[in-house]
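The chain contents come next:
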Amino acid sequence: MIRQSLNRLSPYMFIAPGAIIMAIALLYPLGYMVYGSFRDWDPSQNISETEFIAFKNYITLFYDPAFRESLSVTLTFAFTVVVAELFIGVGLALLLDRNIRGMSVLRTLFILPMMIAPVVVGLMWRYMYHPTIGTFNRTLKSMGLEGVDWLGQNALLSVVIADIWQWTPFIFILALAALQSLPRSALEASRIDGATNWQQIWHIKLPLMMPVLIVTALLRLIDAFKVLEVILVMTEGGPGLSTEIIALRISRTATEFRELGTAAAMSNYLLILLMLLTCAMFVFTKIQEVRAARAARQYQEEG
């Protein structure tokens, strides 16, 4: 009896040390941040010496126009880049899902942007967007066109383009892997039934790829909310607040304004938003799985 109990517990005993370390590494900083968000805290004070102000930081942020503007910029930026990257990445994967000579070289070229450090990406695109010596305006002027104020009036669009360039390969690689793992029997059966390429894509490939695409979109959405280095190097959040996303505002609040309690409250707002988005994506995934299972049962019953 004792031996059987030990055998049942042995997997948990092996997992326990790693689980405890992970729990401490994750929960302690999170708890420290939550605790600090209820304090009037600045870098010159030890957190135990600070004044407890309850939800004052959260209430102040809720009515702060600058914070709401940063939240709006963050949502616009995140959803725009994720939708564009999904559209382009999945499109490229569908286009290149065939036997092409030199495909390995193409894949390597496609993933190069995501290997570059974010600071380098920001510097590279900042120089290309330069109003006089930048690549884009020089090209426009050589064609007889006027230059564009890329990092001024079109700053948010410029940042979006840079992010799409860097992270579309991530979507492409995962979408291509999902495509190449699809059951060939379903595709061959659809060809025999006379389905066109577009019908195969819309009714077979995309529905079967959906679980992978949902997880991929969720990962990119979470990462887009945390972009900092590229925007900091390219625009520093300007002009005005036009490109100041929440991650950049948190950094400024903690370092420039020296309001650690307010920065912690901002971080918690961002965490709550990401948790809500994650839960919504998982619910959507579950609904899709239920619908797919129901359709499969109905198909079997009709067959």
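Located above this text is the structure these notes cover.
To start, this report covers the structure provided alongside it. Starting from 1, residues in each chain are numbered consecutively following that chain's sequence as written. Residues qualify for local features only when their pLDDT is at least 70, as the model is predicted, and side-chain atom pairs are given and counted only at 80 or more; totals for whole chains, interfaces and linings, by contrast, use all residues. Note that the side-chain values use all heavy atoms of the structure and ignore hydrogens as well as water.

Secondary structure elements follow DSSP: runs of H or I no shorter than four residues count as helices, runs of E no shorter than two count as strands, and numbering proceeds from the N terminus. Of regular secondary structure, the protein chain possesses 12 helices and 2 strands. Order of helices (α) and strands (β) in the protein chain, N terminus to C terminus: α-β-β-α-α-α-α-α-α-α-α-α-α-α. Remark: exposure states derive from per-residue accessible area (1.4 Å probe, protein chains only) relative to the maximum for the residue type, with buried under 20%, exposed over 50%, and partly exposed in between. Split into buried and exposed, the 303 residues of the protein chain put 35% on the buried side. Note on definitions: a residue-residue contact is assigned when non-hydrogen atoms from the two residues lie within 4.5 Å. Partitioning the contacts of the protein chain with sequence separation of at least 6, the portion at a separation of at least 24 is 68%.

On to the nonpolar core, then. Formed by 40 residues in total, the largest nonpolar core has its most connected members in Phe77, Val81, Phe225, Met234 and Ile245. When residues of this core are traced back to their parent elements, those giving at least two are helix 2 (56-62), helix 3 (65-95), helix 5 (118-128), helix 7 (155-180), helix 9 (197-225), helix 10 (229-234), helix 11 (246-255) and helix 12 (260-302). Leave out the neighbours within four places in its chain, and phenylalanine 77 touches Leu156, Val159, Val160, Asp163, Ala224 and Val227. Residue types Ala, Val, Leu, Ile, Met, Phe, Trp, Tyr and Cys, when buried and joined through side-chain atoms within 4.5 Å, form a set referred to as a nonpolar core. Formed by 17 residues, the second largest nonpolar core is a distinct cluster that contains Val90, Ala93, Ile171 and Ile201.

Our next topic: unusual backbone geometry. That bond from glycine 238 to proline 239 is cis: its omega, -5°, falls within 30 degrees of zero. Within the secondary structure, proline 239 is located in the loop between helix 10 and helix 11. At glutamate 236, a position not held by glycine, the phi torsion is positive, near 55°. You can see glutamate 236 is positioned in the loop between helix 10 and helix 11. Taking the relative accessible area as the measure of exposure, glutamate 236 reaches 46% and is therefore partly exposed. Within the chain, arginine 258 stands out as a residue other than glycine whose phi angle is a positive 55°. With respect to the helices and strands, the residue arginine 258 is situated in the loop between helix 11 and helix 12. A relative accessible area of 44% places arginine 258 in the partly exposed class.

Right, let's get into helix 3. The span you would expect from a helix comes to 1.5 Å times its residue count less one. If you check helix 3, its first and last C-alpha atoms are 45 Å apart, about what 31 residues at 1.5 Å a residue would give, namely 45 Å. For helix 3, the capping residue at the N-terminal end is aspartate 64, with a side-chain oxygen 3.2 Å from the backbone nitrogen of alanine 66. Polar contacts, as used here, are pairs of N or O atoms within 3.5 Å; protein pairs need one atom able to donate a hydrogen and one able to accept it. Residues neighboring in sequence count only if both atoms are side-chain atoms.

Before going further, it helps to examine a nonpolar patch on the surface. A patch consists of residues whose relative accessible area exceeds 30% and which take part in no salt bridge; residues with like charges are grouped when within 9 Å of each other, and nonpolar side chains (Val, Leu, Ile, Met, Phe, Trp, Tyr) when within 5 Å. Here the open area of atoms and residues is found with the Shrake-Rupley method and a 1.4 Å probe, where only the protein chains shown may cover a residue. Definition used for salt bridges: Asp or Glu carboxyl oxygen within 4 Å of a side-chain nitrogen of Lys or Arg. Taken together, the side chains of Met22, Leu26, Leu27, Leu30, Val34, Leu271 and Met275 define a hydrophobic patch exposed on the protein surface, amounting to about 630 Å² of accessible area. Where the nonpolar patch is concerned, the elements lending two or more residues are helix 1 (2-36) and helix 12. In terms of residue count, the dominant contributor to the nonpolar patch is helix 1 (5 residues). Its place among the elements puts leucine 271 in helix 12.

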